[in-house]
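Tertiary structure, described
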Amino acid sequence: MRKLLVAVLAGGALLITGTPALAQTAKPALGPYGYGKVKLGMSAKKARATGEIVLKMAAGEGSCSGWDLKAHPTGKNSVGLYISKQFGVAVIFAPKGVKTPRGIGIGSTMKQVKKAYPRLKTPLGGIPYVSVPGNAKAYYAFFPDKGKLEGLAIGLDTQNCVS
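Residues numbered from 1 in each chain as written. Predicted model: local features only at pLDDT ≥ 70, side-chain atom pairs only at ≥ 80, totals over all residues. Heavy atoms only, no water.

Glancing now at the state of the cysteines. Under the definition given, this model contains one disulfide. In this model, Cys64 is linked to Cys161 through a disulfide, with the two sulfur atoms separated by 1.9 Å. On the S-S bond that ties Cys64 to Cys161, the torsion sits near -85°, and the link is left-handed. Placement of the pair is Cys64 in strand β4 (residues 64-69) and Cys161 in the segment after β9 (148-156), with a sequence separation of 97 residues. Overall, Cys64 belongs to the buried group, its relative accessible area being 10%. (Disulfide = S-S within 2.5 Å. Helix = DSSP H or I, 4+ residues; strand = E, 2+ residues; numbered from the N terminus. Buried < 20%, exposed > 50% of the residue type's maximum accessible area, 1.4 Å probe, protein only.)

Attention now moves to the pattern of salt bridges. A complete count under the given rule lists one salt bridge for this structure. A salt bridge links Lys56 to Asp68, with the nearest nitrogen and oxygen atoms 3.2 Å apart. With a gap of 12 residues between them, Lys56 in strand β3 (residues 53-57) and Asp68 in strand β4 connect regions that are remote in the sequence. Here Asp68 falls in the buried class, since its relative accessible area comes to 5%. (Salt bridge = Lys/Arg side-chain N within 4 Å of Asp/Glu carboxyl O.)

In structure tokens form, the structure reads like this:
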């Protein structure tokens, strides 16, 4: 009986992970290189070619343009990501419901963040951040309010869009 149960569970797992329709409904993680098809460092032209972003704020004289992820539009005075003229996709903000590969997303507690990212640093009066595991050129920034995350972003260490 025990062997039969294992075979059924293993077969069920293969069925679930092997079904293309189910695989397409899974949300991509934020990191370690970006979100979905939009990757950190990707030029605006390449990022636009993914079909997953829409221009919201032209760079003009500034160094960065503001964009939204088509699947996750933001409000009037915000953007979902910044693209630097110099560095490409520079910062991506996590949409609601999207998590890092370690399970951290909007609504996570700072206790959960510290457990998932024990090397978390918090500069005096600053924003908690940590190097992205698996990508030495990027960081996660965590925006807590009353002990829970109200925002989360992944960015290039070299980004010149936000401070």
